[in-house]
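Residues per chain are reported as follows:
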Amino acid sequence: MMRDRHTPTDPVVQRVIERAEIEGIELVRFLYADHGGVIRGKATSRSRLGERIGTGIGHTVAMMAMNMLDQLQEVEQMGPVGEVRITPDPSTFVPLPYAPGGAAMLSDLRTQDGSPWAACPRTFLKDAIAELAGEGYTAVAAFEPEFTLGRRLPDPAGGPDRLAPLDDSLCYAGTGFDTAHDYTVRLIRALERQGLQVEHYYPELGAGQQELSVRHAPALRAADNQVLYRETVRGVALRMAMWASLAPKPIADQAGNGCHLHLSLWDGTRNLFDGESDLRSHFVGGLIAHLPALTALTCGSVNSFRRLAPRMWSSAYAVWGPDNREAAVRVCSALGEGGENLELKPSDSSANPYLSLGAVLHAGLDGIRRRLDPGEAVTIDPDTNPAAYQRLPASLDEALDALEADEVLMEALGPLRRTAYLAVKRSEATAFKGKDAAYETFNHLRVF
Ligand code: GLU
Ligand code: MG
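Since the structure is predicted, the reported quantities are computational estimates derived from the model, not experimental observations.

Peer 1: An account of the nonpolar core is requested, with residue identities and associated values reported.
Peer 2: In this structure, Y183, Y229, L357, L361 and L403 are the most contacted members of the largest nonpolar core, which totals 98 residues. Apart from residues no more than four positions distant in its own chain, L403 is found in contact with A293, A296, L297, L409, M410, L413, Y421 and L422. Residues I25, F30, M63 and I86 belong to the second largest nonpolar core, which totals 29 residues.

Peer 1: Mind laying out the site of ligand 1, listing which residues take part and the relevant values?
Peer 2: The local shell around ligand 1 consists of E146, E204, E211, G256, G258, H260, R307, M312, W313, S314 and K345. Measuring from an oxygen atom of ligand 1, one finds a side-chain N or O atom of E204 at 2.9 Å. When ligand 1 sits alone it has 300 Å² of accessible area, and the protein chains cover 91% of it. Counting atoms within 2 Å of the grid points, the majority share of ligand 1 lands in the largest pocket. Residue composition of the shell around ligand 1, grouped by class: two nonpolar, four polar and five charged.

Peer 1: Give a detailed account of the pairing of strand β15 (residues 317-322), specifying residues and quantitative values.
Peer 2: Burial runs high along β15: five of the six residues are buried. One ladder, built from four bridges, connects β15 with strand β16 (residues 327-332); its direction is parallel. Its bridge partner being in β16, Y317 is matched across the sheet by A327.

Peer 1: I'd like a rundown of empty space enclosed by the protein, residues and numbers included.
Peer 2: Leftover empty space is mapped by rolling, across the atoms, a probe with the size of a water molecule. This model, assessed by the stated rule, comprises four cavities of 30 Å³ or more. Lining the largest cavity are 13 residues, and of these F143, V214, A222, N225 and Q226 lie nearest its centre. At the level of elements, β7 (138-153) and α5 (219-239) are the ones that each hand at least two residues to the lining of the largest cavity. In the lining of the largest cavity, the residues fall into nine nonpolar, three polar and one charged.

Peer 1: Run through the coordination of the magnesium ion (ligand 2), naming residues and quoting values.
Peer 2: Every protein donor of the magnesium ion (ligand 2) is listed here as E146 (OE), E204 (OE) and E211 (OE), and their distances to the metal cover 1.9 to 2.0 Å. Counting gaps between the donor residues of the magnesium ion (ligand 2) yields the pattern E-x57-E-x6-E. Here the residue E146 occupies a position in strand β7, and E204 occupies one in the loop between β9 (198-203) and β10 (209-214), the gap between them amounting to 58 residues. Residue class for E146 comes out buried when judged on its relative accessible area of 7%.

Conventions we followed
- Residues numbered from 1 in each chain as written.
- Chains lettered and ligands numbered in written order.
- Predicted model: local features only at pLDDT ≥ 70, side-chain atom pairs only at ≥ 80, totals over all residues.
- Heavy atoms only, no water.
- Core = buried A, V, L, I, M, F, W, Y, C linked by side-chain atoms within 4.5 Å.
- Buried < 20%, exposed > 50% of the residue type's maximum accessible area, 1.4 Å probe, protein only.
- Contact = heavy atoms within 4.5 Å.
- Near = heavy atom within 4 Å.
- Polar contact = N/O pair within 3.5 Å; in protein donor to acceptor, adjacent residues only side chain to side chain.
- Areas by Shrake-Rupley, 256 points an atom, 1.4 Å probe, with all protein chains shown as cover.
- 1 Å grid on protein atoms, 1.4 Å probe; cavity = no way out; pocket = protein on both sides within 12 Å on 5 of 7 lines; lining within 4 Å.
- Sits in = over half its atoms within 2 Å of the grid points.
- Nonpolar A, V, L, I, M, F, W, Y, C, P; charged D, E, K, R; others polar.
- Helix = DSSP H or I, 4+ residues; strand = E, 2+ residues; numbered from the N terminus.
- Pairing = 2+ DSSP bridges.
- Points joined across faces, edges and corners; volume = space filled by probe spheres on them.
- Donors = N, O, S within 2.8 Å, 3.2 Å for Na, K, Ca; no water.

This is how it looks when you write it as structure tokens:
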């Protein structure tokens, strides 16, 4: 059955067209995130915008079988025959401050008849949100990315390019504020102009490492924000002849770039995670129970597992604790900041944010439904007693094994999406096997 499509005369479409004219937009990018965690898209010219919002832009189904090295995997129903439409959500239209004349919209992948495609990642998150709503909850989330700022340096010996960090300033140190200042101010302006509210900024622990957090938002918006954020961090850097990367471990001997995921459930206007409750405890129980499998989605790349090591504040054990920065799930205290929330630390920006947040919601919901007990709160660094705690997966392959064994998440992903995701991610694990750190790093740097 043909689904309702936007027409060029819809008020929401008219508003986009008017804004595009006023802002002098020539190209509008329809963006989505793929199974490799890569942000991709196609762009329409302004003259076709009104029509394209309704019809989307045609796209081969095979792109959801492409890995982050642009190697196409063999997945049934994702071969050379078949077409989906990259269909934008007009409410997300935003001019791109780092690409004058350009704008973007976050997009769904739809079939020819306009219904969501079974492998559309944004739909996966929307479905998880709907399932949560069925139980009476809404989710509010914030991705908290770290990234490394520097310059792209060729290797004189002809090897892969590397990221030379901007500075060697110390953690939270005044010198770091100064070296990155011009970039940071441009980044903040660019994010704010796209509607992302900046919370905090500081130079972080590693060479060239920056952390700039944005305010929480309803779950779908939070994932859309993470796409805009990733694009903006890199786009602003490029325009300043710099290179920025959110890769989990862009420099092997430096701190990793996390993207901790903050989350709370709400009932109308009330934050249900503010203060201890059975609900919060069961949600944590769900996260802990599904953690090994979740990491396959929240820490989606080979490079992710270089970051997840003990004593790096990235978490390495499947434990939870109040304000414990070595626990995979930290219950964050709050002082007038919208209340307490959960922080998932095994999470980084190489993940597809729609799949990762959707999977986290499914895991938490399973905890609520089965009233799962999260175990004792851990109030020490778990690495001081490693035998007592479960380690997180040590590699992408290990995480994928856990995902394949996790009935709840496999069921939630559904047949087409899980088949494609596993094929893409297994292929990445294989492609980097036996390759050196420079090759791995470069290939993550150029994407994330
Ligand atoms: N860089 C750490 C990570 O990889 C996080 C440090 C912190 O902000 O606590 O997750
Ligand atoms: Mg940090």
